[in-house]
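Now for the letters of each chain:
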Amino acid sequence: MQQPEDFMREAIRLSVQNVTTGGGGPFAAVIVKDGQIIATGVNEVTGSNDPTAHAEVVAIRKACRELNSFQLEGCDIYCSCEPCPMCLGAIYWARPARVFFANTKEDAAAIAFDDQFIYEELDLPWNQRQLPTRQLLQEEALEAFRAWEQSPLKVPY
């Protein structure tokens, strides 16, 4: 029976392979359910021109397709590095059982993958962030929320 360290070694192997083949950044993720790998992902940001194609997000998308579910109930996620704010948000939305990581966010910052500014920005009110942000048409947009509240077709998540 495979141990958590075995699954982490696979995530690490994939992260190294992604660098040595020119696939992208040094990040990978492995998703496991019932002791079996059901999905993997590597960083595909530069290859796909998709800033959201981080290893964890890629793996979550694949695993959810495999499970035919929008949640990863009973799954573990093994990340070669501590998840960035975007990936951590995606992981929480996917609701796995556990998350394991190898490298830290400080290790990533040491090689120019520094997300500290995002953590700091998230603590600020939206109108004080570095990225100019304005709220527009809230009253009109609330129509979609009211429709959701009343919809007999909604699938809560």
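These remarks concern the structure in this document. Bear in mind that the values here come from a model prediction, so they are computed numbers and not experimental data. (Residues numbered from 1 in each chain as written. Predicted model: local features only at pLDDT ≥ 70, side-chain atom pairs only at ≥ 80, totals over all residues. Heavy atoms only, no water.)

What about helix 4 (residues 85–94)?
Rules: Only protein chains enter the accessibility calculation, which uses a 1.4 Å probe. A residue is then buried if its area is under 20% of the maximum for its type, exposed if over 50%, and partly exposed in between. Every helix listed is a DSSP run of H or I at least four residues long, and every strand listed is a run of E at least two residues long, numbered separately from the N terminus. Contacts: residue pairs with any heavy atoms within 4.5 Å of one another.
Listed in full, the buried residues belonging to helix 4 are Pro85, Cys87, Ile91 and Ala94. Where the residues of helix 4 are buried, they touch helix 3 (55–67), strand 3 (75–81), strand 4 (98–103) and helix 6 (116–122). With its phi angle positive at about 60°, Arg95 sits one or two positions after the end of helix 4.

Some remarks on the layout of surface pockets
Let me state the cut-off plainly: Using protein atoms alone on a 1 Å grid, points that fit a 1.4 Å probe yet trap it form a cavity, whereas open point sets bounded by protein on both sides within 12 Å along at least five of seven lines form a pocket; residues with an atom within 4 Å of a point count as lining. Grid points are joined across faces, edges and corners, and a volume is the space filled by probe spheres set on the points. Amino acids outside the nonpolar list (Ala, Val, Leu, Ile, Met, Phe, Trp, Tyr, Cys, Pro) and the charged list (Asp, Glu, Lys, Arg) are all regarded as polar, and Gly is one of them.
In this model, the largest pocket occupies a volume close to 410 Å³. Forming the boundary of the largest pocket are 21 residues, of which Phe27, His54, Cys84, Phe113 and Asp115 lie nearest the centre. Listed by contribution, the elements that provide at least two residues to the lining of the largest pocket are helix 2 (45–48), helix 4, helix 5 (105–109) and helix 6. For the lining of the largest pocket, the leading source of residues is helix 4, giving three residues. Split into classes, the residues belonging to the lining of the largest pocket amount to twelve nonpolar, five polar and four charged. Here the second largest pocket is characterised by a volume of approximately 170 Å³. Lining the second largest pocket we find 13 residues, and of these Met1, Gln2, Phe7, Gly35 and Asp76 sit closest to its centre. Broken down by secondary-structure element, the contributors of at least two residues to the lining of the second largest pocket are helix 1 (4–20), strand 1 (28–33) and strand 3. Across the lining of the second largest pocket, the residue classes break down as five nonpolar, four polar and four charged.

Some words on the side chain of Ser15
By the secondary structure assignment, Ser15 is in helix 1. Ser15 gets classed as buried once you look at its relative accessible area, which sits at 8%. Setting aside anything within four residues of it in sequence, one finds Ser15 in contact with Pro26, Phe27, Ala28 and Ser80.

Considering the packing of aromatic side chains
Quick reminder of the rule: Centres within 6.5 Å are what make two rings of Phe, Tyr or Trp a pair, Trp counting through its six-membered ring; a difference in plane orientation under 30 degrees is then read as stacked, over 60 as edge-to-face, and the rest as tilted. We call a charge positioned above a ring when the Lys NZ or Arg CZ atom is no farther than 6 Å from the ring centre and deviates by at most 35 degrees from the ring normal.
Within the structure shown, the criterion is met by five aromatic pairs. Both rings, one in Phe27 and one in Phe113, keep their centres 4.9 Å apart while their planes meet at 85°; by these two values the pair is edge-to-face. Linking Phe27 in the loop between helix 1 and strand 1 with Phe113 in the loop between helix 5 and helix 6, this pair joins segments that are 86 residues apart in sequence. Looking at Phe27, the relative accessible area reads 15%, which means it is buried. The cationic tip of Lys105 hangs over the ring face of Tyr119; the distance from NZ or CZ to the ring centre is 4.2 Å.

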